[in-house]
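Remarks on the overall topology
So you can see what is in the structure, the chains are spelled out below.
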Amino acid sequence: MSITQAMFKKRIKKRVVREKSQQTMVVGGQEIPYTLVRSSRAKRLTVKIGEPSGLEVVVPMKTAISSVPRFLREKENWIVKHVQELEQRRAAQPKIEDGGTIEVVGVKKQIRIFPTRKPRPHVKEARTLEFDDATDTAYYGEPEILIYANSPAAARAALEKHLRKEAAQHFADRTATLAQEMGTTYNRITIKGQKTRWGSCSRQKNLNFNWRLVMAPPQVIDSIIYHELAHTIHMNHGKRFYTLLEQFCPDHKELSKWLSKNTFML
């Protein structure tokens, strides 16, 4: 076999196949939707639940679909428990709608949404607004967040843009304060939207923070800042790193648990 053939064969072996279909199961008279995933990578039948996919049943390609109903009956109690927990978490999520509320650095604010084609607000209110000609939206931070948009997607985009600005300002101010407290320095701060990471620190001491953290309690935000600032001194998670972190943020373990448990809220 030539090198080219060997490389081609290896590439074929790495190809991953995933086929999805929407299904339902009935538990205690209640119909529960789930996603059936046929995967070439899976080695056994598994069931998982989380955001944003909801309930998923993963089936290896070589496993017969006829085995799924029995598998689900065996996992029935686990499924019911976790589906209920997921529904409760979704019900508690901030609603991006007119009259909904979110917390920004610990301060609860009401969201007001108006169509852009309606008359502009009266003069007193308009003085506090910031207009964006590109999207024809407007919003301000105190005591409400006003959004002008003609669709839910535009409203969400406007809110995210506003919260990114809030996050940039808060992290700039708070990181400077905590860095001075810790006796360390850093270079640039960048606000990002990572799906699985709250913060990071490069070897050049550049700090990255997730904008969604601005909706977390202030002490949780501080714990992430302390964590990344500690990395400007110790670029690892060794004993000296945690000794330093606990010196300035003794509750970091509990705050980390809060963040893991309440990620769906941000």
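This report concerns the structure included in the present document. (Residues numbered from 1 in each chain as written. Predicted model: local features only at pLDDT ≥ 70, side-chain atom pairs only at ≥ 80, totals over all residues. Heavy atoms only, no water.)

Moving on to the overall build of the chain. What the chain contains, in helices and strands, is eight helices and twelve strands. Looking at the chain as a whole, 38% of its 266 residues are labelled buried. When contacts within the chain are restricted to residue pairs at least 6 apart in sequence, long-range pairs at least 24 apart make up 44% of them. Element-wise, carbon and sulfur atoms account for 50% of the exposed surface of the chain, whose accessible area totals about 16700 Å². (Helix = DSSP H or I, 4+ residues; strand = E, 2+ residues; numbered from the N terminus. Buried < 20%, exposed > 50% of the residue type's maximum accessible area, 1.4 Å probe, protein only. Contact = heavy atoms within 4.5 Å. Areas by Shrake-Rupley, 256 points an atom, 1.4 Å probe, with all protein chains shown as cover.)

Turning our eyes to something else, we now look at the packing of helix H6 (residues 218-231) against helix H7 (residues 239-248). Where H6 contacts H7, the axes come no closer than 10 Å and their chain directions differ by 140 degrees. Considering the angle they form, H6 stands oblique to H7. The two elements H6 and H7 cross, and the hand of that crossing is right-handed. Contact residues: H6 offers Tyr226, His227, Ala230 and His231, while H7 offers Phe241, Leu244, Leu245 and Phe248. Of the residues belonging to the contact of H6 with H7, the class tally is six nonpolar, two polar and no charged. (Axes fitted to C-alpha atoms, helices over the stretch in contact; angles between N-to-C directions. Parallel < 35°, antiparallel > 145°, perpendicular 65-115°, else oblique. Left-handed = near helix turned anticlockwise from the far one by under 90°. Nonpolar A, V, L, I, M, F, W, Y, C, P; charged D, E, K, R; others polar.)

Another aspect to go through is the sheet that holds strand E1 (residues 18-27). To summarise the sheet geometry, strands pair through backbone hydrogen bonds and adopt either a parallel or an antiparallel arrangement. Taken in spatial order, the four strands line up as E1-E2-E4-E3 in an open sheet, and their pairing is mixed. Both edges of this open sheet fall to E1 and strand E3 (46-50), since each of them pairs with a single strand only. Along the sheet, successive strands turn relative to each other by an average axial angle of 30 degrees, direction set aside. Direction of pairing for E1 relative to strand E2 (residues 30-39): antiparallel, over a ladder of ten bridges. Following the sheet pairing, Gln22 is matched in E2 by Thr35. Across the sheet, helix H3 (residues 76-92) is in contact with E1, E2, E3 and strand E4 (54-60); its angle to E3 comes to roughly 15 degrees. (Pairing = 2+ DSSP bridges.)

With that settled, consider the pattern of salt bridges. When their charged atoms lie close together, side chains carrying opposite charge are able to pair. Scanning the entire structure with this criterion turns up five salt bridges. A salt bridge links Asp98 to Arg112; the nearest nitrogen and oxygen atoms lie 2.8 Å apart. Taken together, the residues span a long stretch of sequence, with Asp98 in the loop between H3 and strand E5 (101-104) and Arg112 in strand E6 (residues 107-114) at a distance of 14 residues. Where Glu160 meets Arg164, a salt bridge forms, and the shortest distance between an N and an O atom there is 3.0 Å. One end of the pair, Glu160, and the other, Arg164, are both in helix H5 (residues 152-182), four residues apart, so they sit about a helical turn from each other. Here Glu160 falls in the partly exposed class, since its relative accessible area comes to 28%. (Salt bridge = Lys/Arg side-chain N within 4 Å of Asp/Glu carboxyl O.)

Space inside the second largest pocket adds up to approximately 350 Å³. If you go around the second largest pocket, you meet 16 residues; those closest to its centre are Trp198, Ile224, His227, Glu228 and Ser256. Looking at the lining of the second largest pocket, the elements that each hand over two or more residues are H6, H7 and helix H8 (252-261). Looking at the lining of the second largest pocket residue by residue, the class counts come to five nonpolar, eight polar and three charged. (1 Å grid on protein atoms, 1.4 Å probe; cavity = no way out; pocket = protein on both sides within 12 Å on 5 of 7 lines; lining within 4 Å. Points joined across faces, edges and corners; volume = space filled by probe spheres on them.)

This part covers unusual backbone geometry. In the Ramachandran plot, Val105 falls in the positive-phi region, its phi being about 50 degrees despite a non-glycine side chain. Mapped onto the secondary structure, Val105 falls in the loop between E5 and E6. Despite not being glycine, Lys205 shows a phi value in the positive range, around 65 degrees. With respect to the helices and strands, the residue Lys205 is situated in the loop between strand E11 (199-201) and strand E12 (207-210).

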